[in-house]
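Each chain is listed here by its residues.
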Amino acid sequence: MLVSAKDMLQKARDGKYAVGQFNINNLEWTKAILLTAQENNSPVILGVSEGAGKYMAGYRTVVGMVNGMLEELKITVPVALHLDHGSYEGAKECVAAGFSSIMFDGSHYPIEENVEKTKELVALANEKGLSIEAEVGSIGGEEDGVIGAGEVADPNECKRIADLGVTMLAAGIGNIHGKYPANWKGLNFDVLAEIQKLTAGMPLVLHGGTGIPADMIKKAISLGVSKINVNTECQLAFAEATRKYIEAGKDLEGKGFDPRKLLAPGFEAIKATVKVKMELFGSIGKA
Ligand SMILES: [Zn+2]
């Protein structure tokens, strides 16, 4: 059964580790992530962007697929199904479709409007027993077509949003979605420490987990980051493994064209990537 992310994140915050949010795109992605979590006895959050939800035919299809897998793959570790960077409307749709967690990304609105909309969705999430993530200070890189510039959030605005009763808070601290440029300045730990101080124990979320050096990840966890989002890294691993299979001409040998064979190396590559991240985040054995 899907669970809210609340308990797993509070345990992570208290235990000084982080739970990975791995975004899903299709059946292979979902199965690879769920099996890896189960094999490593780790809690996990499946992230679904609005674009990926649309790609998978809609939120109800996603909920049906994930619930079916939890049962048929005998997944017993805590799993949350979470809308990633949801719009106001998208968040409501996911609540109705059976997601166990939502993110409302109001970071592109003026702060007053972000506060108002977040407040409304917090009430809705509470009523249904779901967890809710809010965002302050847009995160750089590309979020489903929206380009941001690696902003650093205002800690006082973070406090205002945290005080609305959200479960977890994403704040821009110089992190970026996608690949990091060579001249990236790194995470702003002074601001992260200030946000942690003002939001008193709120589990914090680090977006753009692909390519942040391990020592920065560990330091961020020590400063209250309890959820780390990984997306691009699984995509790169999947693409590389699939390319190697094709370039080696394996699709031309025997039944190598069978999609169950063609997609197998990519599937294994996602599993390996997720495991490395769970080790780095410290969530192994914490289910
Ligand atoms: Zn993000």
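Each value, and the rule that gives it
Residues numbered from 1 in each chain as written. Predicted model: local features only at pLDDT ≥ 70, side-chain atom pairs only at ≥ 80, totals over all residues. Helix = DSSP H or I, 4+ residues; strand = E, 2+ residues; numbered from the N terminus. Rg over C-alpha atoms; globule rule 2.2 N^0.38 Å. Buried ≥ 20, exposed ≤ 12 C-beta atoms within 10 Å, placed from the backbone. Contact = placed C-beta atoms within 7 Å. Core = buried A, V, L, I, M, F, W, Y, C linked by C-beta atoms within 7 Å. Arc of directions from axis to C-beta. Axes fitted to C-alpha atoms, helices over the stretch in contact; angles between N-to-C directions. Parallel < 35°, antiparallel > 145°, perpendicular 65-115°, else oblique. Left-handed = near helix turned anticlockwise from the far one by under 90°. Pairing = 2+ DSSP bridges. Right-handed = clockwise from strand over helix to strand, strands pointing away.

(A) Local environment of the overall build of the chain. For the chain, the count of helices and strands is twelve helices and ten strands. At 18 Å, the chain has a C-alpha radius of gyration in line with the 19 Å of a compact globule built from 287 residues. Over its C-alpha atoms, taken along the principal directions, the chain stretches across nearly 60 × 45 × 35 Å. Relative to its 287 residues, the chain shows a buried fraction of 47%. Within the chain, contacts between residues at least 6 apart in sequence are counted, and of these 71% link residues at least 24 apart.

(B) A look at the nonpolar core. In terms of nonpolar packing, the biggest core is built from 76 residues, with Ile33, Leu46, Ile102, Leu169, Ala171 and Ile270 touching the most fellow members. A per-element tally of this core places helix α12 (residues 264–281) first, with six residues. Apart from the residues within four sequence positions on either side, isoleucine 270 is in contact with Trp29, Ala32, Ile33, Cys234, Ala237 and Phe238.

(C) Representation of helix α8 (residues 189–199). When α8 is considered as a whole, its buried residues turn out to be Val191, Leu192, Glu194, Ile195, Gln196 and Thr199. Lining the buried residues of α8 we find α7 (155–162), β8 (168–171), β9 (204–206) and α9 (214–222).

(D) Focus on α9. Listed as buried for α9 are Ile217, Ala220 and Ile221. Along the axis of α9, the buried residues cluster in a sector spanning 100 degrees; they form a single face. Of the surrounding secondary structure, the elements contacted by the buried residues of α9 are α8, β9, β10 (225–230) and α12. One or two positions beyond α9, positive phi appears at glycine 224, with a value near 105 degrees.

(E) Spotlight on the packing of helix α4 (residues 59–72) against helix α5 (residues 88–97). Relative to each other, α4 and α5 sit at 40 degrees, their axes nearing to 9 Å. One element, α4, and the other, α5, form an angle in the oblique class. Handedness of the crossing formed by α4 with α5: right-handed. Residue-level inspection shows Tyr59, Arg60 and Val63 of α4 in contact with α5, the latter providing Glu93, Cys94 and Ala97.

(F) The pairing of strand β1 (residues 19–23), seen in detail. Taking burial as the measure, the five residues of β1 include five buried ones, the bulk of the element. Bridge count between β1 and β10: four bridges; the pairing is parallel. Note that in β10 the partner of valine 19 across the bridge is lysine 227. The pairing of β1 with strand β2 (residues 44–49) spans three bridges and is parallel. From the neighbouring strand, phenylalanine 22 faces β2, where its bridge partner is leucine 46. Handedness of the β1-helix α2 (residues 27–39)-β2 crossover: right-handed.

(G) Structural context of the packing of α2 against α4. Running from N to C, α2 and α4 cross one another at 35 degrees; their axes reach a closest spacing of 11 Å. α4 is crossed by α2, and the crossing has right-handed handedness. Here α2 contributes Leu27, Thr30, Lys31 and Leu34 to the contact with α4, which in turn contributes Met65, Val66 and Met69.

(H) Main features of the environment of lysine 31. Structurally, the position occupied by lysine 31 is in helix α2. On the neighbour-count criterion, lysine 31 (19 C-beta atoms within 10 Å) is partly exposed. It is 9.6 Å that separates the C-alpha atoms of lysine 31 and methionine 65, two residues lying 34 residues apart in sequence.

(I) Broad picture of unusual backbone geometry. Look at lysine 16: it is not a glycine, yet its phi comes out positive at around 60 degrees. Locating lysine 16 in the fold gives a position in the loop between α1 (6–15) and β1. Its identity is not glycine, yet alanine 200 carries a phi of approximately 35 degrees, on the positive side. Tracing the backbone through its elements, the reader meets alanine 200 in the loop between α8 and β9. Residue classification places alanine 200 among the exposed residues on the basis of 10 C-beta atoms within 10 Å.

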